[in-house]
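Summary of the model geometry
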Amino acid sequence: MNARTKGVRIAGAFTPLWALFGLVGAISVAPCKAGETRYRLEASSFAALPGFAADRHGEALRAFLKSCAAPAHRAAATSILRPGALKNACVVAASEESATNPRAFFEQNFQPFRIVAENTPEAFFTGYYQPEIAGSLVQSAEFPTPVYAPPPDLTALPEGKRVGALAELTAARRGPDGGLTPYPDRAAIEDGALDHVPSVRKLVYLRDKADLFLTQVQGSARVRLNDGRILHLSFAARNGQPYTAIARVLVQRGVAPPAEMTMRRLVNWLRRNGLERGQAGDDLLRLNRSFVFFDASIDKDAARQPAGGSGVGLSPLRSIAIDAHIWPYGLPFYIDARLPWRSVELEPFQRLTIAQDTGSAIVGAARADIFFGLGDEAGSRAGELRHHGQFFLLLPKD
C-alpha cells in the first residue's frame, strides 16, 4: 500500500468468536469490536456471492499459495481463527485436486461471512499501485528528501501499553531506560528529530516531499537511480502516530469535490503550493502526523511485482491491503462492487482476493485497498477508486 502502501490505531480487544459460537457453520451474526470500530460478521454462502461462479478461481488460488509460503502473521483478531486452520487450508491448497478444481477448494474449505461495519452497511474500496520515481543514493540539491529505514528506537506498542500519552498510538520510542514515549510525528521528523538517533539510516533521496508522500501512501515504490538501477522500497514500519487523510482536508476546504480529488490532483496541488517549510503544501503534509519507514533492496528483475506487508509478491487485482491490526495476512476475501477498474466506466468487480498488504490509511474491518500493479497506467486506474460495495471474509472451516 500502499503502501500504500498507509497510522492505524487499535485500542480494544476482540471477542474470541470461536469460543463464543463454536463451529464456523454455527455462526449467524457475530458482533465484534476493533478498538472503537464495531462490526459484525453475517454468515453467507458461496451461492449468495454475486458473480462467484464466474470468477477465475485459479488466479485466486495461485495468490493464496504465495501467502501459504510466508511466515504466519498474528493480527489482533487472530482469535477468530482456530489454531492451525489457515495452515491446514494451505496443505489442501497445494494438492493436485485443488489445482484441478480451485473453485471446489474454496467452497469446501472456507465459509463466507459478510463484513458489516457499525457506521455503514457497505465496505469502502480504494486502489493502489507501485509508482516509479527518480532518486539518488547521494543527497543533492536535486534529490534532497531522505527515505528512512526504521529507527532502532522505534518499537511496536502492545495494546496493554496504550494508555495516557500513548493511548492513540500503535508504536512508540523506547528510551535507554526502557521507558516508552510518543515517537516524533511527521513535522518533527522533517525538522530533524531523527538526526541524532544513533544508527538511523537514510536509504535513498527523492526529488521532493511530494514523492515521499506518494511512496508512503502507496506503501512501496520503484526508485530509478541515476545509474539506471532500480531500488525497491517496501513498507517496513510506521511511527505509530494517527493518520490524517490530507485529500479529505482539501475536499473540506473546497479545493475539489470528492469525485475529483485523485492522487494526481493532490500531488499537483502540493507542488503548486510549495513544499518548503512554511509553504501551504508543506503545511498540509504536516497535518498527517503518520510517517512511514521502509526497507530497500536493489531489484534485479525490473518487471517483478512488489512485495506487500506480508512479505509475498503482490498479484494485480488479486492482492488487497487490509487493516492488519484486525485481519491476519493470507485470509481470502470476496469483493462485490461496481468499480471503474478497467476504464472510467463503472462495471462489476466480483473477485476473490487475498489479504497480503496493509497501509496506514486502511483502517477498519470493512476496508480494502486493491493492488493494481506497476507504473502510470495502473496508477491512473487505482487513483479513480473511492467506491463502496460488499466485502466478504472467507474463514477456514477447520
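Residues numbered from 1 in each chain as written. Predicted model: local features only at pLDDT ≥ 70, side-chain atom pairs only at ≥ 80, totals over all residues. Heavy atoms only, no water.

**Description of the packing of aromatic side chains**
What characterises a pair of aromatic rings is the spacing of the ring centres plus the angle enclosed by the ring planes. The final tally for this structure, using the stated rule, is 18 aromatic pairs. Note on Y334 and F392: the rings are 6.5 Å apart at their centroids and 55 degrees apart in plane angle, and the pair reads as tilted. Of this pair, Y334 sits in strand β15 (residues 332-339) while F392 sits in strand β18 (residues 386-396); the two residues are 58 residues apart in sequence, bridging distant segments of the chain. Exposure class is identical for Y334 and F392. Each is buried. Within the aromatic cluster, the residues linked to one another by ring pairs are Y39, F125, W327, F333 and F391. The positively charged end of R173 is found above the aromatic ring belonging to Y183, 4.8 Å away from the centroid. (Phe/Tyr/Trp six-rings, centres within 6.5 Å; stacked < 30°, edge-to-face > 60°. Helix = DSSP H or I, 4+ residues; strand = E, 2+ residues; numbered from the N terminus. Buried < 20%, exposed > 50% of the residue type's maximum accessible area, 1.4 Å probe, protein only. Lys NZ or Arg CZ within 6 Å of the ring centre and 35° of its normal.)

**Comments concerning unusual backbone geometry**
Positive phi outside glycine occurs at S199, with the angle close to 70 degrees. With respect to the helices and strands, S199 occurs in the loop between α6 (186-190) and β10 (202-206). With a relative accessible area of 65%, S199 lands in the exposed category. Phi at L317 is positive, roughly 65 degrees, even though this residue is not glycine.

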